Amino acid sequence: GAVVSQHPSRVICKSGTSVKIECRSLDFQATTMFWYRQFPKQSLMLMATSNEGSKATYEQGVEKDKFLINHASLTLSTLTVTSAHPEDSSFYICSAFRWGQETQYFGPGTRLLVL
Amino acid sequence: KQEVTQIPAALSVPEGENLVLNCSFTDSAIYNLQWFRQDPGKGLTSLLLIQSSQREQTSGRLNASLDKSSGRSTLYIAASQPGDSATYLCAAPDSSYKLIFGSGTRLLVRP
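Everything numeric here is computed off the predicted structure, so don't read it as measured data.

1. A short note on the overall build of chain A
Helix and strand counts for chain A stand at zero helices and eleven strands. Secondary structure elements in chain A, listed N-terminal to C-terminal, are β-β-β-β-β-β-β-β-β-β-β. At 13 Å, chain A has a C-alpha radius of gyration in line with the 13 Å of a compact globule built from 115 residues. Its C-alpha atoms put chain A at 40 × 25 × 20 Å along the principal axes. Considering only residue pairs separated by 6 or more positions, chain A has 53% of its internal contacts joining residues 24 or more positions apart. Summed over all atoms, the accessible surface of chain A reaches about 5700 Å², with 52% contributed by carbon and sulfur. The average position of the 11 basic charges and that of the 9 acidic charges among the side chains of chain A differ by 7 Å.

Dropping the structure here:
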């Protein structure tokens, strides 16, 4: 299977600050990446679809001005949580979509704690 | 719109039992279906990927079946072990390649 990395794996920040999470596809070019959020004891919920060279597509209820997504290269998508608040504390997981296989490969996740 | 449901939500079995986890999906026009394992506080581990043209996939003690016509998939775990304790997630794509996840089955295998 393909390898997708995320950085950082864990981050603790103060309320009101911004946090950037990186998602890298290490062994294939990914024009499409996805960002998910998982709250404790819940399943993964899709936040947005990240498209290389164009604007991200957000799911209903996800604030695009709060969760900024940039997909500037074929191997990197970033999610920036702006003005983070305690309720943004969650597990954020990205995936890279491999066309031809029509399969998503998942990163290991980033645990965000906002104090 | 694709919806994925998993039952049971939780399962506790003694070691050695064979068990079946169920997944149902509403939109049968899928090109594949995936089963994942998630340990507490960890990311996803892909277990099995079944293509729409396949009826089942096997990996070690795991066997996943897919019946598109009925909108169902099952994950069969043979001779369960305490190390199998985890949450098992089923995911099916919608028409735009987004993955829709079920709420998971939390499995506990007692020694």
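2. Side note on the state of the cysteines
Scanning all chains against the criterion turns up two disulfides over all chains. At a sulfur-sulfur separation of 2.0 Å, the disulfide partner of cysteine 23 of chain A is cysteine 94 of chain A. Disulfide cysteine 23 of chain A-cysteine 94 of chain A: the torsion about the S-S bond is 80°, which places it as right-handed. With cysteine 23 of chain A in strand E3 (residues 19–25) and cysteine 94 of chain A in strand E9 (residues 90–98), the pair connects residues that are 71 residues apart, well separated along the chain. We classify cysteine 94 of chain A as buried; its relative accessible area is 0%. The disulfide that involves cysteine 23 of chain B links it to cysteine 90 of chain B, with 1.9 Å between the sulfurs. When the S-S torsion is -55°, as for the bridge of cysteine 23 of chain B with cysteine 90 of chain B, the disulfide is left-handed. Placement of cysteine 23 of chain B in strand E3 (residues 19–25) and of cysteine 90 of chain B in strand E9 (residues 86–93) is noted, with a sequence separation of 67 residues between them. Cysteine 13 of chain A takes part in no disulfide bond, and the closest cysteine sulfur, belonging to cysteine 94 of chain A, lies 18 Å away.

Rules and cut-offs
- Residues numbered from 1 in each chain as written.
- Chains lettered and ligands numbered in written order.
- Predicted model: local features only at pLDDT ≥ 70, side-chain atom pairs only at ≥ 80, totals over all residues.
- Heavy atoms only, no water.
- Helix = DSSP H or I, 4+ residues; strand = E, 2+ residues; numbered from the N terminus.
- Rg over C-alpha atoms; globule rule 2.2 N^0.38 Å.
- Contact = heavy atoms within 4.5 Å.
- Areas by Shrake-Rupley, 256 points an atom, 1.4 Å probe, with all protein chains shown as cover.
- Lys, Arg positive; Asp, Glu negative; His and termini not counted.
- Charge placed at Lys NZ, Arg CZ, Asp CG, Glu CD.
- Disulfide = S-S within 2.5 Å.
- Buried < 20%, exposed > 50% of the residue type's maximum accessible area, 1.4 Å probe, protein only.

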